[in-house]
Amino acid sequence: MRVALAQILATDDPSANLEIVADHAALAAQQGATVVVFPEATMCRFGVSLTPIAESLDGPWASEVRRIAQRNDVLVVAGMFTPTSDGRITNTLLATGRGIDTAYDKIHLYDAFGFRESDTVAPGAKPTTVTVDGTTLGLATCYDIRYPELFRALADQGATVTVLPASWGAGPGKLEQWQLLVRARALDATTFVLAADQADPTSRGIDPGKAPRGVGHSLAASPFGVTIDELGAEPGLLVVDVDPGQIPDVRATLPVLANRRL
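Here the structure is a predicted model, which means the values were calculated and not measured.

### Points about the pattern of salt bridges
Thought 1: Across all of its chains, the model carries 13 salt bridges by this definition.
Thought 2: Between Arg-66 and Asp-101 there is a salt bridge, with the nearest N and O atoms lying 2.7 Å from each other. On the criterion of sequence distance, the pair formed by Arg-66 in helix H2 (residues 60-72) and Asp-101 in strand E5 (residues 100-105) is long-range, its members being 35 residues apart.
Thought 3: When its relative accessible area of 23% is taken as the criterion, Arg-66 is described as partly exposed.

See below:
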């Protein structure tokens, strides 16, 4: 399976961000990717009010992403925001294309490092997988990476690859935590973990403010916790080949899922 991680720098204009999605999906397809993973908050960057931005899954933004996926014959996974009945929004991943059309609402909200996502965002509750071209992909978002139980739950649902869109908050040690956690979750669940972060705004001379705007360094980790490939801080497209057929041998060698006691 060839997967592209699109490390973009989302703007506060959803229409402009759709153009970025279209450009990167086309480029990924030209390079043979069948799955294209965009970051969390692809619809609109963090740091602005997201309530007026949020749209339903049958709204114009998601509908255009579906057209982009269909036009390029790829599965697109991209972060957007959907409204809720309590006045908050959900931090949602849309997964669409190649016979798939579903969504995952971020379960673990970023109430850490002085940020309170739960003030404006309602949590999801359901671990979600999709199966494309015979491979089951787990879906997770950003702060979810700190919770190994989610990644093992996705593995229990058949995931051999988990994709993780993110808009990682910067700060002392945060890049090192990002790299460590992606590798650790791959090792915990003996799955590939493919993590697509927003590019670091400072790489383009943009002050990110206090919002979690991304640090870049999108990466792919093997089920043994080894980095397969990684981008730097600036925008880019990382195309990687992963072989889910390796997973049975990996789990026979390192049966951490089978050996669980709790």
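Still more ground to cover, so stick around.
### Points about the UniProt feature "domain: CN hydrolase" (unreviewed entry) in the protein
Thought 1: As recorded in UniProt, the sites labelled "domain: CN hydrolase" (unreviewed entry) are residues 1-244.
Thought 2: Across residues 1-244 one finds 23% helix and 30% strand; the C-alpha atoms that close the span lie 8 Å apart.

### Considering the sheet that holds strand E11 (residues 192-197)
The strands making up a sheet are joined through hydrogen bonds of the backbone, oriented either antiparallel or parallel.
Thought 1: Strands sit in the order E8-E9-E10-E11-E12-E13 across an open sheet of 6 strands; the sheet is mixed. Sheet topology places strand E8 (128-132) and strand E13 (227-230) at the edges, where each strand pairs with a single neighbour. This sheet shows a mean twist of 20 degrees between the axes of neighbouring strands, independent of strand direction.
Thought 2: Relative to E13, strand E12 (residues 219-221) runs antiparallel, the two sharing 3 bridges.

### As for the packing of helix H1 (residues 14-30) against H2
Thought 1: Two elements in contact, H1 and H2, have axes whose closest approach is 10 Å; the angle formed by their N-to-C orientations is 15 degrees. Between H1 and H2, the crossing angle belongs to the class labelled roughly parallel. Crossing of H1 against H2: the hand is right-handed. Together, Pro-14, Leu-18, Val-21, Ala-22, Ala-25, Ala-26 and Ala-29 of H1 and Trp-61, Glu-64, Val-65, Ile-68, Arg-71 and Asn-72 of H2 make up the contact between the two elements.

### Here's the deal with the side chain of Lys-106
Thought 1: Along the chain, the position of Lys-106 falls in the loop between E5 and strand E6 (111-112).
Thought 2: Taking the relative accessible area as the measure of exposure, Lys-106 reaches 2% and is therefore buried.
Thought 3: Those residues in contact with Lys-106 that sit more than four places away from it in its chain are Glu-40, Asn-91, Glu-117, Pro-123, Gly-124, Thr-141, Cys-142, Tyr-143 and Asp-144.

### Re the packing of aromatic side chains
Thought 1: Enumeration according to the criterion identifies 5 aromatic pairs in this entry.
Thought 2: Geometrically, the ring pair formed by Tyr-143 and Tyr-147 is edge-to-face, given 5.5 Å between the ring centres and 75 degrees between the ring planes.
Thought 3: In this structure Tyr-143 comes out as buried when scored by relative accessible area, which is 11%.
Thought 4: Three or more aromatic residues link up through ring pairs in this structure, and these residues are Tyr-110, Phe-115, Tyr-143 and Tyr-147.
Thought 5: When the ring centre of Phe-113 is taken as reference, the NZ or CZ atom of Lys-174 above it lies at 4.4 Å.

### Considering the pairing of strand E10 (residues 161-166)
Side-chain direction in a regular strand flips from residue to residue, so the side chains alternate between the two faces of the sheet.
Thought 1: For E10, the tally of buried residues reaches 6 of 6 residues, placing the bulk of the element in the interior.
Thought 2: Side chains Val-161, Val-163 and Pro-165 of E10 all project onto a buried face; the interleaved residues Thr-162, Leu-164 and Ala-166 project onto the opposite face, where all are buried too.
Thought 3: In terms of strand pairing, strand E9 (residues 135-139) meets E10 through 3 bridges, oriented parallel. Bridging from a neighbouring strand, Gly-138 pairs with Thr-162 of E10.
Thought 4: Each parallel crossover has a hand, and the one from E9 via helix H3 (residues 148-156) to E10 is right-handed.
Thought 5: After leaving E10, the chain enters helix H4 (residues 174-189) and then returns to the sheet as E11, a path that is right-handed.

Definitions and cut-offs
Residues numbered from 1 in each chain as written. Predicted model: local features only at pLDDT ≥ 70, side-chain atom pairs only at ≥ 80, totals over all residues. Heavy atoms only, no water. Salt bridge = Lys/Arg side-chain N within 4 Å of Asp/Glu carboxyl O. Helix = DSSP H or I, 4+ residues; strand = E, 2+ residues; numbered from the N terminus. Buried < 20%, exposed > 50% of the residue type's maximum accessible area, 1.4 Å probe, protein only. UniProt positions renumbered as here; feature names shortened; annotations may be inferred. Pairing = 2+ DSSP bridges. Axes fitted to C-alpha atoms, helices over the stretch in contact; angles between N-to-C directions. Parallel < 35°, antiparallel > 145°, perpendicular 65-115°, else oblique. Left-handed = near helix turned anticlockwise from the far one by under 90°. Contact = heavy atoms within 4.5 Å. Phe/Tyr/Trp six-rings, centres within 6.5 Å; stacked < 30°, edge-to-face > 60°. Lys NZ or Arg CZ within 6 Å of the ring centre and 35° of its normal. Right-handed = clockwise from strand over helix to strand, strands pointing away.

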